[in-house]
Amino acid sequence: MNTLEKAFQKLPLFEGIPEEIFPVLLSDAVEMTFKAKDIIIGEGEYPSGLYILLSGTAKLYKSSPEGKEQTLFVLGDGEPFCLCSTFRKKPFPVTAAALTPCRVISISKQNFFAAAEKDTAFLFSMLQKVSERLRDAMELAGTLSLQEVPQRIATFIAKLEPTEGKKHQKVYLPMSHKELAKVIGSTPEALSRTLKKMSEKGMISIEGRSVHIVNRELLEQCAETGL
């Protein structure tokens, strides 16, 4: 088994997938590297197949003709994208850009379907990821349309995975404050003011991207009703 196949086996997305699937899936895979801020694939382009973010952090976003951006999803290690374009010959509906140096693997459509035919567990794993992405998109739409900025920020922080186990109350923002503002549909200035108020009310303490949840009950209350 080569180095790339071993790396894929360690990704949560491919947990439980038989070893014999990986040579089929990765036989002609293309590896690409990107610097922070590089465009991985632009809106309207046709991807060569399924993309997997092997390492790094990237974002999926839409932009208006005036240049306003709305971040739709932040991708981490092992996340797939271009799923819709893999299943159907349609242009990519958003832009994918690197937030940090990224290593991306492109898997051909032919190999994707060959692997799916060989093992249905692989296909179910992909379908589960599509379902999760759709759920996240619907939650984001509801948040942006129905919640005020403090609720959006509190909701985002409350859903982050603790850095040291589920009972630990320290989380890490996966992006800069500027990028977080784009995710929640706000401005960096409004985000900074709100984080300061949340800190003053004893919900959180924040240093850079590290957030200590001082009082989770207050944080969750803010997510429901605001400050």
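Cut-offs applied
In this convention, every chain numbers its residues from 1, walking through the sequence in written order. Since the coordinates come from a predicted model, pLDDT governs what is reported: local features require at least 70, and pairs of side-chain atoms require 80 or more to be given and counted, while whole-chain, interface and lining totals use all residues. Note that the side-chain values use all heavy atoms of the structure and ignore hydrogens as well as water. Every helix listed is a DSSP run of H or I at least four residues long, and every strand listed is a run of E at least two residues long, numbered separately from the N terminus. For the exposure calls, accessible area comes from a 1.4 Å probe over protein chains only, and a residue counts as buried if that area is under 20% of its type's maximum, exposed if over 50%, partly exposed in between. Any two residues whose heavy atoms approach within 4.5 Å are treated as being in contact. Only the protein chains shown count as cover for residues, and the accessible areas themselves come from Shrake-Rupley with a 1.4 Å probe. What counts as a ring pair is set by centres within 6.5 Å for rings of Phe, Tyr and Trp (its six-membered ring), and what kind of pair is set by the plane angle: stacked under 30 degrees, edge-to-face over 60, tilted for all other angles. Strands are labelled as partners when DSSP assigns at least two bridges between them.

Engineer: Explain the overall build of the chain to me, and be specific about the residues and the numbers.
Structural biologist: Counting its regular elements, the chain contains nine helices and eleven strands. Within the span of the chain, comprising 227 residues, buried residues form 44% of the whole. When contacts within the chain are restricted to residue pairs at least 6 apart in sequence, long-range pairs at least 24 apart make up 69% of them. Surface exposure of the chain reaches about 12400 Å², of which carbon and sulfur atoms provide 53%.

Engineer: Please give an account of the side chain of Lys59 that cites residues and values.
Structural biologist: Within the element layout of this structure, Lys59 appears in strand β4 (residues 58-63). Setting aside chain neighbours within four positions, we find Lys59 in contact with Glu69, Thr71, Phe73, Val74, Thr95, Ala96, Ala97, Leu99, Glu179 and Lys182.

Engineer: An account of the packing of aromatic side chains is needed here, citing residue identities and associated values.
Structural biologist: Scanning the entire structure with this criterion turns up four aromatic pairs. Aromatic side chains Tyr51 and Phe81 sit 5.4 Å apart centroid to centroid with 70° between the ring planes, which places their arrangement in the edge-to-face category. Of this pair, Tyr51 sits in strand β3 (residues 49-55) while Phe81 sits in strand β6 (residues 79-81), and the two are 30 residues apart along the sequence. Judged by relative accessible area, Phe81 falls into the buried class, the value being 1%.

Engineer: So what about the pairing of strand β5 (residues 69-75)? Which residues, and what values?
Structural biologist: In the sheet, β4 pairs with β5 via six bridges, with the strands oriented antiparallel. Counterpart to Lys59 in the pairing with β5 is Val74. Taken together, β4 and the strand that follows it, β5, pair antiparallel across an intervening segment of five residues, in which Gly67 is found at a positive phi of about 95°.

Engineer: Before we move on, could you go through unusual backbone geometry and cite the residues and values that matter?
Structural biologist: For Lys37, which is not glycine, the phi dihedral falls at a positive 85°. Within the element layout of this structure, Lys37 appears in the loop between β1 (30-34) and β2 (39-41).

Engineer: Give me helix α6 (residues 149-158): which residues, what numbers.
Structural biologist: Along α6, nine of the ten residues are buried, which leaves the element largely enclosed by surrounding structure. Buried within α6 we find Val149, Pro150, Gln151, Arg152, Ile153, Ala154, Thr155, Phe156 and Ile157.

None of this, on its own, says anything about what the molecule does.
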